[in-house]
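# Chain and residue survey
Below are the chains, spelled out letter by letter.
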Amino acid sequence: MKNQLGKMGFHYLHKLNAENIPKDLIEKGQKRVIEASLTLIRERAKLKGELLRALGGVVASPTLLGVPLGHNSSFLQGPAFAPPRIREAIWCGSTNSTTEEGKQVCDPRVLSDAGDVPVQELRDCGVDDDGLMDIVSKSVKLVMEEVPLRPLILGGDHSISYPVVRAVSEKLGGQVDILHLDAHPDNYGAFEGNKYSHASGFARIMEGGYARRLLQVGIRSITKEGREQAKRFGTELYEMRTFSRDRQYLENLKLGEGVKGVYVSVDIDCLDPAFAPGVSHIEPGGLSFRDVLNILHNLQGDIVAADVVEFNPQRDTVDGMTGMVAAKIVRELAAKISK
């Protein structure tokens, strides 16, 4: 399944090349699909932005943007199927629309939706990873152009954080502070030879100079290379083995002063698998759900964008438990961002 899903588009392109289809014909077709993809996101974001500006008094309003990309995962590709499952759980009738802070996610000022980047359709046209990363970045910038929208990204594997953070930093014209919750540091130079691996995204972010500070919380699976890379980038590592000591600090973070704001990245496997079994990489000994909410609720700083990644519906329980966990994190982030 992994190879079939990950290489489908390239097999199709190679078949066309083998039959001597002119290269410029393929490239023109790719350009049309890319333009259509960006147009749909642009127009949806524009509609949401116009609505919010008409309502008035909105400073920041998160809007969902799905990036169903899973082929850069080193193990399972199920995160590609996560965005629609998270949306389904957000609006599930088993709970109401009120967040713990008392905001209503059914209020368009608190949460709206700009749709998905059509990753598989783009790959089916032969768009490579360089092209895909550029399209993700452009899509994020299209959302940000419609003030007061702020992107709240639904992954997808963790490789998507790189083009999203890049877009946010470039659009705002400076660095951000990053709060990254994860079991892994995702800072390999090029994991298994893939510079866009989900295990390498934060190396790309730090090399690009898009972040001033990178705080990684929940870490409990880190190699020698990971520690060397963390030292190289000046990463602030908060490992689970010392969480009880670090808890008070982490539940009272103040970030973003002197830079363009705060970016929050939540890998669902930051949670102990007792709370979120539906992930590709199960790492026991993680954060509790309340630990995560305490960190997010108490965070002081202007959150300019965020992502929730690495939920794998193919490994979830039959009742969709992890989907509901991911959805609640999205809802609480939306409440935190909106103002």
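Computed from a predicted model, the values in this text were never measured in an experiment.

Conventions adopted
- Residues numbered from 1 in each chain as written.
- Predicted model: local features only at pLDDT ≥ 70, side-chain atom pairs only at ≥ 80, totals over all residues.
- Heavy atoms only, no water.
- Helix = DSSP H or I, 4+ residues; strand = E, 2+ residues; numbered from the N terminus.
- Buried < 20%, exposed > 50% of the residue type's maximum accessible area, 1.4 Å probe, protein only.
- Contact = heavy atoms within 4.5 Å.
- Polar contact = N/O pair within 3.5 Å; in protein donor to acceptor, adjacent residues only side chain to side chain.
- Pairing = 2+ DSSP bridges.
- Axes fitted to C-alpha atoms, helices over the stretch in contact; angles between N-to-C directions.
- UniProt positions renumbered as here; feature names shortened; annotations may be inferred.
- Expected span 1.5 Å × (residues − 1).
- Arc of directions from axis to C-beta.
- Disulfide = S-S within 2.5 Å.
- Core = buried A, V, L, I, M, F, W, Y, C linked by side-chain atoms within 4.5 Å.
- Right-handed = clockwise from strand over helix to strand, strands pointing away.

### Thoughts on the environment of arginine 212
Turning to its location among the elements, arginine 212 is positioned in strand E5 (residues 211-219). Here arginine 212 falls in the partly exposed class, since its relative accessible area comes to 37%. Along the backbone, arginine 212 and arginine 42 are 170 residues apart, and their C-alpha atoms lie at a distance of 29 Å. Those residues in contact with arginine 212 that sit more than four places away from it in its chain are Gln175, Val176, Asp177, Gly256, Glu257, Gly258 and Val259. There is a polar contact of 2.7 Å between the side chain of arginine 212 and the side chain of aspartate 177.

### Topic: the sheet that holds strand E8 (residues 303-309)
Read from one edge of the open sheet, eight strands run E2-E1-E3-E8-E7-E4-E5-E6, paired in parallel fashion. At either end of the open sheet lies a strand with only one pairing partner, and these are strand E2 (112-116) and strand E6 (236-239). Averaged over all pairs of adjacent strands, the angle between strand axes in this sheet comes to 15 degrees, irrespective of strand direction. Across three bridges, strand E1 (residues 61-67) lies against E2 in parallel orientation. Bridge pairing in E2 places threonine 63 opposite serine 112. Contacts from helix H3 (residues 82-90) reach E1, E2 and strand E3 (149-155), with the element oriented near 115 degrees to E3.

### Digging into the UniProt feature "binding site: Mn(2+)" (unreviewed entry) in the protein chain
Sites flagged by UniProt as "binding site: Mn(2+)" (unreviewed entry) map to His158, Asp182, His184, Asp186, Asp267 and Asp269. The annotated residues occupy 112 residues of the chain but converge on a single region, no pair of C-alpha atoms lying more than 12.2 Å apart. Its place among the elements puts aspartate 186 in the loop between strand E4 (176-181) and helix H7 (201-207). With near-sequence residues (within four places) excluded, aspartate 186 lies in contact with His158, His180, His198, Ala199, Ser200, Gly201, Phe202, Ala203 and Asp267. A distance of 3.0 Å separates the side chain of aspartate 186 from the side chain of histidine 158, its partner in a polar contact. In this structure, aspartate 269 sits in the loop between strand E7 (262-267) and helix H10 (289-298). When near neighbours in sequence (up to four residues on either side) are disregarded, aspartate 269 contacts Asp182, Ala183, His184, Arg220, Val279 and His281. A distance of 3.1 Å separates the side chain of aspartate 269 from the backbone nitrogen of alanine 183, its partner in a polar contact.

### As for helix H11 (residues 321-337)
With 17 residues, H11 extends 25 Å from end C-alpha to end C-alpha; this agrees with the ideal 24 Å at 1.5 Å per step. In terms of burial, H11 is a largely internal element, 13 of the 17 residues being buried.

### Concerning helix H9 (residues 243-250)
Residues Phe243, Asp246 and Leu250 constitute the buried set of H9. Along the axis of H9, the buried residues cluster in a sector spanning 70 degrees; they form a single face. In this structure, H9 carries Ser244, Arg245 and Gln248 as exposed residues pointing more than 90 degrees from its buried face.

### Focus on the state of the cysteines
Here, the word disulfide means a covalent bond between the sulfur atoms of two cysteines. A complete count under the given rule lists zero disulfides for this structure. The cysteine cysteine 106 is free of any disulfide, with cysteine 92 supplying the nearest cysteine sulfur at 15 Å.

### With respect to the nonpolar core
Formed by 47 residues in total, the largest nonpolar core has its most connected members in Ile86, Leu179, Val264, Ile268, Leu271, Ile329 and Leu333. With eight residues, the top contributor of residues to this core is H11. Excluding its chain neighbours within four sequence positions, the residues that come into contact with valine 264 are Leu179, Leu296, Leu299, Ile303, Ala305, Ala306, Asp307 and Leu333. Among the nonpolar cores identified, the runner-up in size contains 44 residues, and Met144, Tyr162, Tyr263 and Val304 belong to it.

### A closer look at the pairing of E5
The two faces of a sheet get side chains in turn, since along a regular strand they alternate between them. Within E5, seven of the nine residues are buried, which leaves the element mostly enclosed by the surrounding structure. The sheet contact formed by E4 and E5 spans six bridges and is parallel. Along E5, the bridge assignment pairs valine 176 with alanine 211. With respect to chirality, the unit in which E4 leads through H7 into the neighbouring parallel E5 is right-handed. In this sheet, E6 lies alongside E5 in parallel orientation, the contact comprising four bridges. The residue bridging leucine 215 from the neighbouring strand is glutamate 236, located in E6. Taking the sense of rotation as the criterion, the β-α-β connection linking E5, helix H8 (residues 224-233) and E6 turns out right-handed.

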